Amino acid sequence: MTQNYDKLPQDAFTRIPRDTQEAEKISKPSVSFWQDAWRSLKKNKGAIISLILFGLIVLMSFLGPVISPYEPNDQTITHANLPPKIPVIENLGIMDGVGTLGGREVDLYEMKNVEQNYWFGTDGLGRDMFSRVWKGTQVSLFIAFVAAAIDMLIGVIYGGISGYFGGRVDDVMQRIVEILTGIPNLVVVILFILIMDPGILAIIIALTITGWTGMSRVVRGQVLKYKSQEFVLAARTLGASDTRIIWKHLMPNVLGVIIINTMFTIPGAIFFEAFLSFIGLGLQAPDASLGTLINDGYKLIQYQPHILLFPAVVLSLIMIAFNLIGDGLRDALDPKMKD
Amino acid sequence: MARYIGKRLIYMFITLALIATFTFFLMKILPGSPIASADKLSPEQRAVVEARYGLDQPLPVQYFDYMFGLLQGDLGISINQFKGANVTDVILSRMGPSAQIGFQGMLLGTVLGILFGMVAALRQNTWVDYGSTIVAIIGISIPSFVFASMLQYWLGLKLDLFPVALWKDGFMSSVLPSIALAMFPLATAARFIRTEMIEVLGSDYITLAKAKGASGSEIAFKHAFRNALIPLITVLGPMAVSILTGSLVVEQIFAIPGIGEQFVKSIMVNDFSIIMGTTIFFSVFLIVIILVVDILYGVIDPRIRLSGGKS
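Points about the overall build of chain A
Helix and strand counts for chain A come out as 14 helices and two strands. Across chain A, contacts joining residues at least 24 apart in sequence account for 71% of those joining residues at least 6 apart.

Dropping the structure here:
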């Protein structure tokens with residue numbers, strides 16, 4: 001081994017003096033927690049595709065009813081039960097306005113003398129499905145986001161107080177939560193829907209009445225974990241107030257878990273809204289959500305499958321996208337998953 | 001352990017009493033009378049009908065009557081849907097089909113899910129793994145009623161492989177509803193087993209087993225699989241909830257005469273005693289399952305018993 005060193009060209013090397021200053025220098029820019037999370041989220045293809053897909057769906061839920069020439073609730077009886085027809089795609093043999101009538105394939109648009117195109121077809125009352133589906137998406141997303149936001153707010157405050165103050169306060173608050181979580185979600189939601197006037201507000205209240213307990217438990221656990229750590233003790237020794245410790249020292253650490261939890265509450269709320277509408281406890285006509293549209297479509301599945309198809313596809317895409325984004329965020333934000 | 005179980009049982013009773021009380025008063029403040037065509041009756045006729053169902057008593061008396069009946073398994077009398085029939089009998093008579101599709105769905109879902117999850121973990125980052133992940137994501141995301149109506153349309157209506165609906169052809173009628181209910185347990189089990197297996201496969205005792213020369217299949221089944229299976233018990237609770245929630249819509253879609261279909265109908269016709277009875281029945285079912293799961297977990301995994309027993 002030693003003789004090999006002699007053969008090395010000595011002039012190719014320069015001697016570096018020992019420099020303690022140099023050793024301490026940070027060569028790469030420091031990365032904040034959120035930058036780091038974004039970096040690992042970007043590597044997750046499924047999550048990024050889902051993020052884009054979800055963005056498109058949100059965009060369409062606002063643009064859809066506007067770019068469609070028809071209003072979501074306008075009825076044109078002569079144009080009832082038309083299959084979908086889209087100008088360019090119709091040449092491919094799908095969505096060309098051809099439907100079955102009495103067992104034969106016929107171009108229903110020609111037969112009923114319809115000049116216009118209904119991109120997603122029409123329902124039994126001649127309402128444009130394209131604008132109805134996107135309007136329904138808007139309503140479903142609105143319900144889910146508001147319900148998730150309320151869950152988050154109550155859960156964070158309740159869990160935060162319970163975890164931070166601990167002792168008897170924590171004891172009493174946790175016993176209440178234990179009893180509440182014992183009540184099946186399904187039962188509570190259905191009972192509350194029954195006593196309130198059906199509508200968006202009723203669904204939101206029913207979803208949030210016990211929905212916040214999950215968030216409160218997670219937040220409490222995290223607060224309990226962090227509040228006994230040295231950095232909080234240091235802050236308290238320096239005379240920081242409770243409010244400051246909660247907002248400046250605990251919140252940033254708990255935020256990741258809160259976001260992950262919310263990402264999983266939203267698809268849950270979308271599902272429950274659709275579920276309630278499907279069993280007839282949801283929105284009342286003419287209001288539409290994805291759930292009521294699926295319910296309407298299901299009744300006609302044998303003859304007009306397109307009425308079920310589009311809302312079902314949009315609902316499924318939203319659910320898949322949210323679950324993938326949630327998974328991706330959990331991997332990106334959870335420090336335990338870091339290698 | 002005994003102390004833990006005792007504590008959990010007390011909580012269970014408080015929760016159930018709360019649910020029963022809550023449901024009782026909720027039903028009382030609901031708008032409308034439970035008696036069909038109440039407006040057409042004369043005051044005297046009305047008094048007779050109300051006396052028949054005990055509705056003429058003061059509210060506290062009605063409440064305690066109901067709670068006492070509950071303790072003896074008496075859920076009251078159906079008011080307008082099954083005139084005069086005992087609610088407990090109505091529920092019991094409809095349990096068969098619900099239990100059958102629920103059990104079949106659970107079994108099919110868990111077995112397939114465990115299989116998918118295991119294969120995915122052993123063949124990590126191959127197309128088998130990706131395929132099973134996609135199935136799992138779809139299973140968790142797509143609501144059971146969407147999946148059920150797709151099955152009904154394609155396998156029932158278009159391909160004519162199974163009966164489209166109704167409960168007439170014995171086992172064949174139960175196939176599609178069971179598949180629809182199996183999707184969520186399948187997806188949950190597959191994801192869970194995959195994560196657990198990967199973790200277990202990376203642990204020291206697997207390295208030791210490899211070092212002493214155990215074969216691949218021996219390691220997979222004897223060492224990894226057994227240890228990955230234990231935590232699966234924890235997700236049995238959420239699975240049972242999904243089966244129950246799913247049964248409300250799936251029974252509706254396939255016109256199965258089970259408890260779920262019954263419940264949805266009773267909501268439509270405002271049969272208070274049936275709604276209350278079924279609500280309490282569902283609650284008992286779910287709460288008992290979650291309790292059993294928690295206790296079972298402590299019994300099976302000694303590590304948990306050790307730490308849980310002291311507290």
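More follows now that the structure is in view.
Focus: the overall build of chain B
Counting its secondary structure elements, chain B contains 14 helices and zero strands. Each helix and strand of chain B, ordered N terminal to C terminal, gives the series α-α-α-α-α-α-α-α-α-α-α-α-α-α. The buried share among the 311 residues of chain B stands at 37%. When contacts within chain B are restricted to residue pairs at least 6 apart in sequence, those whose partners lie at least 24 apart make up 74%.

Thoughts on the packing of helix H5 (residues 95–122) of chain B against helix H11 (residues 236–253) of chain B
Residue and element names in this part refer to chain B. Contact geometry of H5 with H11 gives a least axis separation of 10 Å together with a crossing angle of 130°. Classified by the interaxial angle, the pair formed by H5 and H11 is oblique. Between H5 and H11 lies a crossing of right-handed hand. Judged by residue contacts, Ser-98, Ile-101, Gly-102, Gly-105 and Met-106 of H5 engage Met-239, Ile-243, Ser-247 and Glu-251 from H11. Looking at the contact of H5 with H11 residue by residue, the class counts come to four nonpolar, four polar and one charged.

Some points on the nonpolar core
Grouped burial of nonpolar side chains is what soluble globular proteins tend to show. Grouped together as the largest cluster of nonpolar side chains are 133 residues, with contacts concentrated most on A:Val189, A:Ala269, A:Ile294, A:Leu315, B:Ala180, B:Ile193 and B:Val249. Tallying contributions element by element places helix H14 (residues 305–333) of chain A first for this core, with 17 residues. Contacts of B:Ile193, omitting those with residues within four sequence positions, involve B:Gly113, B:Ile114, B:Gly117, B:Met118, B:Ala121, B:Ala228 and B:Leu232.

Quick look at unusual backbone geometry
Unlike most non-glycine residues, B:Ala255 shows phi in positive territory, near 50°. For B:Ala255, the location among the structural elements is in the loop between H11 and helix H12 (259–268).

Regarding the environment of B:Asp74
All names here are of chain B. Locating Asp-74 in the fold gives a position in the loop between helix H3 (59–71) and helix H4 (87–93). By the C-beta count within 10 Å, which is 15 here, Asp-74 ends up partly exposed. As a C-alpha pair, Asp-74 and Val-87 span 13 residues in sequence and 7.7 Å in three-dimensional space. The contacts of Asp-74, once residues within four sequence positions are left out, are Gly-69 and Thr-88.

Thoughts on the interface of chain B and chain A
Much of the literature gives interface size as the accessible area that the parts lose upon coming together. Taken residue by residue, the interface counts 34 residues in chain B and 30 residues in chain A. The set of elements that each furnish at least two residues to the side of chain B that touches chain A consists of helix H1 (2–29), helix H6 (127–141), helix H7 (144–158), H11, H12 and helix H13 (272–300) of chain B. No other element matches H1(B), which puts eight residues into the side of chain B that touches chain A.

As for the packing of helix H8 (residues 185–195) of chain A against helix H9 (residues 200–208) of chain A
Residue and element names in this part refer to chain A. Following both chains from N to C, one finds H8 and H9 inclined at 150°, their axes separated by 8 Å at the closest point. When the axes of H8 and H9 are compared, the pair comes out roughly antiparallel. You can see that H8 and H9 cross each other, and the crossing is right-handed. On H9, the residues touching Val-189, Phe-192 and Ile-193 of H8 are Ala-202, Ile-203, Ile-205, Ala-206 and Leu-207. Here the contact of H8 with H9 is built from residues that sort into eight nonpolar, no polar and no charged.

Let's talk about the confidence of the model for chain B
Residue and element names in this part refer to chain B. On average, chain B scores 78 in pLDDT, and the residues at 70 or more come to 86%. The least confident element of chain B is helix H14 (residues 302–310), whose mean pLDDT is 48; the most confident is H5, at 86. Scored below 50 in pLDDT, residues 306–311 shows three contacts in the model against residues more than four places distant or in partner chains. Here the predicted complex carries an ipTM of 0.76, next to a pTM of 0.79.

Observations concerning the environment of B:Met67
With respect to the secondary-structure elements, B:Met67 resides in helix H3. Distance in space between the C-alpha atoms of B:Met67 and B:Ala20 is 7.7 Å, their sequence separation being 47 residues.

Let's talk about H12(B)
Of all the residues in H12(B), the buried ones are B:Ile259, B:Gly260, B:Glu261, B:Gln262, B:Phe263 and B:Ser266. Positive backbone phi, approximately 60°, marks B:Asn270, located one or two places after H12(B).

Describing the environment of A:Pro83
By the secondary structure assignment, A:Pro83 is in the loop between helix H4 (45–67) and strand E1 (98–101). Here the alpha-carbon distance between A:Pro83 and A:Arg236, two residues 153 residues apart in the chain, equals 68 Å.

The rules behind these values
- Numbering of residues begins from 1 in every chain and follows the order in which that chain's sequence is written.
- Starting at A for chains and at 1 for ligands, labels are handed out in the order in which the entities are written.
- Since the coordinates come from a predicted model, pLDDT governs what is reported: local features require at least 70, and pairs of side-chain atoms require 80 or more to be given and counted, while whole-chain, interface and lining totals use all residues.
- Secondary structure elements are taken from DSSP: a helix is a run of H or I of four residues or more, a strand is a run of E of two residues or more, and numbering for both begins at the N terminus.
- For every residue pair, C-beta atoms are placed from the backbone, and the pair is scored as a contact if these atoms sit within 7 Å.
- With C-beta atoms placed from the backbone, a residue is labelled by how many other C-beta atoms lie within 10 Å of its own: buried for 20 or more, exposed for 12 or fewer, partly exposed between the two.
- Note on method: axes are straight lines fitted to C-alpha atoms, helices fitted across the in-contact stretch only, with angles between N-to-C directions ranging 0 to 180 degrees.
- For this classification, under 35 degrees means roughly parallel, over 145 means roughly antiparallel, 65 to 115 means roughly perpendicular, and everything else is oblique.
- Crossing handedness is read from the near helix: turned anticlockwise from the far helix by less than a right angle, it gives a left-handed crossing, and turned clockwise, a right-handed one.
- Side-chain classes are defined by residue name, with Ala, Val, Leu, Ile, Met, Phe, Trp, Tyr, Cys and Pro counting as nonpolar, Asp, Glu, Lys and Arg as charged, and the others, Gly among them, as polar.
- To count as a nonpolar core, a set of buried Ala, Val, Leu, Ile, Met, Phe, Trp, Tyr and Cys residues must be joined through C-beta atoms within 7 Å.
- Confidence of the predictor in every single residue is expressed as pLDDT, which spans 0 to 100.

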